[in-house]
Amino acid sequence: MATAKKTAQQWFLEAYHFHLLEQSIDKAIKAYKKCIQLDPAYTDAYVNLGLIHLKREQYEKALQYFARVTQLEPQNIEAYINLGYAYEKMDRFGSAKQMYEHSLKINPRHMEAFVNLANIAEMQADYNGAIDLWKKAIEVDPNAAQPHFFLAATYDRHDMFDEAIDEYKQTLAIDPNYLKALFNLGRLYIQQGEPRKAFDAFARVIELNGDNTTAWNYLGYIYETLGSIDHAIFAYSNSLIINNYQEDAHYNLARLQYLQYRSNPDPAVLEGIRSRLFYVTSVNPKHREAKQLLGMIQLHRTREQKETAG
């Protein structure tokens, strides 16, 4: 009895299995090619072949497969995005820009195309071009938070901090839960010497994502700036509960705990402080401040021992 031949779809599913489940890429390529031999219009097979060759840095082959998708489906935005990315990897930025611009002709609100075009502009030191692209994206979709965020981040990278703060605020007016905007706004407020505004931003970050150790560390710094040592210790301690392998958080916590120890000596607390500092110096033997604090602690202990003996 003759065995039934596989259909194009069956070859595609077999290729997909090799590709994503077994990671047998050569077998996947053969199966995808069998698929398109049987059905030359099977676009998903061309897409996946293009992605495989893109990952292998075989950019000319990737271009061929992605271009075939655009021939079969002229309105397929992702095919043009993939083509643009392949051109970028080949440093053919003019061709990449054409592909991304074509994507915007199909869908003027396609944010990935704006992102990629702006990235190319910045790579080519065309700062104003990147700004103009984000402003255009905002005009196209005024109610979208993302272009405001990317415009803010562009200002931020180029030290235009007042403009960046305004755009981060615009981002949050549209989406109050935009974590990266909250985080960057808090960081800029610290740079601007406005710790209370920074506190509000980082407190909101932690409300949305309690495991954000960097936000806890910023809160510790802000509490210190405002003179609230107990709260600063609480913030650094929380950060270390989430991730105990943080050199700077251990040092900051040890430093503040030692300030408290000087007012209320407790040998058990002192040993904990020394353990933290020993950890810091074991991770980073060049940590000058931790070594100095250890030396200071040892000096005070020596003096205390002499006074007790005398």
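Per chain, residues are indexed from 1 in the order of the written sequence. At least 70 in pLDDT is required for a residue's local features to be given in this predicted model, at least 80 for side-chain atom pairs to be given and counted, and no such filter applies to totals for whole chains, interfaces and linings, which use all residues. Only heavy atoms go into the side-chain values, all of them from the structure, while hydrogens and water stay out.

Draft legend 1. Just the overall build of the protein, in detail. Numbering goes from the N terminus for both helices and strands, where a helix is a DSSP run of H or I of at least four residues and a strand is a run of E of at least two. When helices and strands are tallied, the protein shows 17 helices and zero strands. A radius of gyration in this sense is built from C-alpha atoms; the matching globule rule multiplies 2.2 Å by the number of residues raised to 0.38. Against the 2.2 N^0.38 benchmark of 19 Å for 310 residues, the protein shows a C-alpha radius of gyration of 28 Å, more extended than a compact globule. Taken over the C-alpha atoms alone, the protein extends approximately 100 × 55 × 30 Å along its principal axes. Working definition: with a 1.4 Å probe on protein chains only, accessible area under 20% of the residue-type maximum means buried, over 50% means exposed, and in between means partly exposed. Counting across all 310 residues of the protein, residues that qualify as buried make up 45%. Here, residues are in contact when the closest pair of their heavy atoms is within 4.5 Å. A separation threshold of at least 6 residues defines the contact pool for the protein, and within that pool the share at least 24 residues apart is 44%.

Draft legend 2. Just the environment of Asp266, in detail. Following the sequence through the fold, Asp266 ends up in the loop between helix H15 (247-263) and helix H16 (267-283). A relative accessible area of 33% places Asp266 in the partly exposed class. A 3.5 Å cut-off defines polar contacts: any pair of N or O atoms within that distance qualifies, except that in protein one atom must be a possible hydrogen donor and the other a possible acceptor, and neighbouring residues in sequence count only when both atoms are side-chain atoms. Here the side chain of Asp266 touches Ala268 through a polar contact of 3.0 Å, landing on its backbone nitrogen.

Draft legend 3. Examining helix H13 (residues 213-225) more closely. With 13 residues, H13 extends 18 Å from end C-alpha to end C-alpha; this agrees with the ideal 18 Å at 1.5 Å per step. For H13, the set of buried residues is Thr213, Ala215, Trp216, Asn217, Leu219, Gly220, Ile222 and Tyr223. Packed against the buried residues of H13 are helix H11 (179-191), helix H12 (195-208), helix H14 (229-242) and H15. Capping the start of H13 is the job of one residue whose side-chain oxygen sits 3.2 Å from the backbone nitrogen of Thr214: Asn212. The span you would expect from a helix comes to 1.5 Å times its residue count less one.

Draft legend 4. Local environment of H15. Its 17 residues place the ends of H15 25 Å apart at the C-alpha level, agreeing with the 24 Å of an ideal helix rising 1.5 Å per residue. Here H15 has its buried residues at Ala249, His250, Tyr251, Asn252, Leu253, Ala254, Leu256, Gln257, Tyr258 and Tyr261.

Draft legend 5. Geometry of unusual backbone geometry. We note that Asp91 has phi near 65 degrees; this positive angle belongs to a residue other than glycine. On the secondary structure map, Asp91 appears in the loop between helix H5 (77-89) and helix H6 (93-106). Residue class for Asp91 comes out exposed when judged on its relative accessible area of 56%. The backbone phi angle of Ala125 is positive, close to 60 degrees, even though this residue is not glycine.

Draft legend 6. Up close: the side chain of Asn252. For Asn252, the location among the structural elements is in helix H15. At 3.0 Å, the side chain of Asn252 forms a polar contact with the side chain of Arg255.

Draft legend 7. Region of the structure containing the pattern of salt bridges. What counts as a salt bridge is simple: a side-chain nitrogen of Lys or Arg found within 4 Å of a carboxyl oxygen of Asp or Glu. Under the defined criterion, the tally for this structure stands at ten salt bridges. A salt bridge links Arg109 to Asp141, with the nearest nitrogen and oxygen atoms 4.0 Å apart. On the criterion of sequence distance, the pair formed by Arg109 in the loop between H6 and helix H7 (111-123) and Asp141 in the loop between helix H8 (127-140) and helix H9 (145-157) is long-range, its members being 32 residues apart. A residue is classified by how much of its surface remains accessible, and Asp141, at 18% relative accessible area, is buried. The salt bridge partner of Arg255 is Glu224, with a shortest N-O separation of 2.8 Å. One end of the pair, Arg255, is in helix H15; the other, Glu224, is in helix H13, and 31 residues separate them in sequence. Judged by its relative accessible area of 24%, Arg255 falls in the partly exposed class.

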